[in-house]
Amino acid sequence: MTDFSQADFDVRLEWGAQAVEHLAADADCIVIIDVMSFSTCVSIATARGGTVFPYPWKDASAQQYAAERNAQCAQFDRRFQGPGFTLSPCSLQEMVSGTRLVLPSPNGSALTFQAKTHNAAIFTACLRNLTATARACEKYPRILVIPAGEKWPDNSLRPALEDLVAAGGLISRLRNRQLSAEARAAQTVYQNLTLAELADCGSARELTRRGFAADVALCLQEDVSDFACQLQDDFFTSAR
């Protein structure tokens, strides 16, 4: 796999679970990007003083995982209207400082769980905290940026434009670095696509059709948070 390792460069980019499997062992810092909506949820929650425990499965084991950590578990159904939280970023806007939340997600959370088996520092980033994340990552020599992507009905990876754009935005803010061709390509996409154009991407259209236009608006806000989101043991917390 050496042809695909991007090892000659200190900023690398590759998609999804395969990136963790094949490139993470050679990274000092891993940044997982799942804009719609895991990374945005984590950014909003941690900026409000919450801690977020990622969990990869939406089943009864998530409730048990939360109980063992004295945390509450987000509702699996984004359309849930009762008290509590979901993977809808809007549901987290009034989170009280000190809240401990387990956030089941088959994309961002699953990649975080997979990445924890390596020794790298782990961050999750979105459009809302690009500059803060770049600042937090500056001290690491080898950075692996992982756009999470989404899934097709057959469970194969669907590269998600919003994740690629956010990855490029982060890479654009990393100064004096040797970028792989893959990282440069993401940077170019970011520099040539507006947020208004991104609002017309497939993921945004899907959420809007399902009634979550307000979530899309939150996900497409750029650099409104001064906090990076770093994994500490089992949970994400804010970092500067």
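Refer to the preceding data block for the structure.
Report follows, based on the coordinates.

The rules we used
Residues numbered from 1 in each chain as written. Predicted model: local features only at pLDDT ≥ 70, side-chain atom pairs only at ≥ 80, totals over all residues. Heavy atoms only, no water. Salt bridge = Lys/Arg side-chain N within 4 Å of Asp/Glu carboxyl O. Helix = DSSP H or I, 4+ residues; strand = E, 2+ residues; numbered from the N terminus. Buried < 20%, exposed > 50% of the residue type's maximum accessible area, 1.4 Å probe, protein only. Arc of directions from axis to C-beta. Contact = heavy atoms within 4.5 Å. Pairing = 2+ DSSP bridges. 1 Å grid on protein atoms, 1.4 Å probe; cavity = no way out; pocket = protein on both sides within 12 Å on 5 of 7 lines; lining within 4 Å. Points joined across faces, edges and corners; volume = space filled by probe spheres on them. Nonpolar A, V, L, I, M, F, W, Y, C, P; charged D, E, K, R; others polar. Phe/Tyr/Trp six-rings, centres within 6.5 Å; stacked < 30°, edge-to-face > 60°. Axes fitted to C-alpha atoms, helices over the stretch in contact; angles between N-to-C directions. Parallel < 35°, antiparallel > 145°, perpendicular 65-115°, else oblique. Left-handed = near helix turned anticlockwise from the far one by under 90°.

Topic: the pattern of salt bridges
One pass over the structure, following the stated rule, counts 10 salt bridges. The shortest N-O distance in the salt bridge between Arg 177 and Asp 10 comes to 3.9 Å. Residue Arg 177 is found in the loop between helix H6 (161-172) and helix H7 (181-191), and its partner Asp 10 is found in the segment before strand S1 (11-13); the two are separated by 167 residues along the sequence.

Some thoughts on helix H3 (residues 60-68)
Those residues of H3 that fall on the buried side of the exposure criterion are Ala 62, Tyr 65 and Ala 66. Summarising the axial view, the buried residues of H3 lie within an arc of 100°, below the 170-degree limit, and thus occupy one face. The outward face of H3, more than 90 degrees from its buried face, is lined by the exposed residues Ala 60, Ala 67 and Glu 68. Packing partners of the buried residues in H3 comprise strand S3 (51-55), strand S4 (72-73), strand S5 (100-104) and helix H4 (108-115).

Regarding the pairing of S3
Residues in a regular strand point their side chains to alternate faces of the sheet. Among the five residues in S3, five count as buried, and that is most of the element. With burial as the criterion, each face of S3 is covered, one bearing Thr 51, Phe 53 and Tyr 55 and the other bearing Val 52 and Pro 54. In terms of strand pairing, S3 meets S5 through five bridges, oriented parallel. Considered in S5, the bridge of Val 52 is made with Leu 101.

Considerations on the environment of Arg 100
By secondary structure assignment, the location of Arg 100 is in strand S5. On a C-alpha basis, the gap between Arg 100 and Cys 73 in space is 8.7 Å, while along the polypeptide they are 27 residues apart. With residues near it in sequence (within four places) discarded, Arg 100 still touches Thr 51, Phe 53, Arg 69, Asn 70, Ala 71 and Gln 72.

With respect to the layout of surface pockets
In this structure, the largest pocket spans a volume of roughly 500 Å³. As for the largest pocket, its lining consists of 22 residues, and the residues nearest its centre are Met 36, Asn 107, Glu 150, Glu 206 and Arg 210. Ranked by residues supplied to the lining of the largest pocket, first place goes to helix H9 (residues 202-209) with five residues. A volume near 220 Å³ is recorded for the second largest pocket. If you go around the second largest pocket, you meet 13 residues; those closest to its centre are Gly 16, Ala 17, Pro 106, Leu 111 and Lys 151. Of all the elements in the fold, those that place two or more residues in the lining of the second largest pocket are helix H1 (16-23) and H4. Partitioned by chemical class, the residues of the lining of the second largest pocket number seven nonpolar, five polar and one charged.

What to know about the packing of aromatic side chains
Under the counting rule described, the total for this entry stands at eight aromatic pairs. Relative to Phe 236, the ring of Phe 38 has its centre 6.1 Å away and its plane inclined at 65°; by these criteria the two rings are edge-to-face. Placement of the pair is Phe 38 in helix H2 (residues 38-47) and Phe 236 in strand S11 (residues 235-239), with a sequence separation of 198 residues. Neither residue differs from the other here; Phe 38 and Phe 236 are each classed as buried.

Observations regarding the packing of helix H5 (residues 130-137) against H6
Their axes nearest at 8 Å, the elements H5 and H6 cross at an angle of 50°. Of the possible angle classes, the one that applies to H5 and H6 is oblique. Both H5 and H6 take part in a crossing whose hand is right-handed. Here H5 contributes Leu 130, Thr 133 and Ala 134 to the contact with H6, which in turn contributes Ala 166, Gly 169 and Leu 170. Considering only residue class, the contact of H5 with H6 consists of four nonpolar, two polar and no charged.

Honestly, that's just the spatial picture; any functional story needs more than this.
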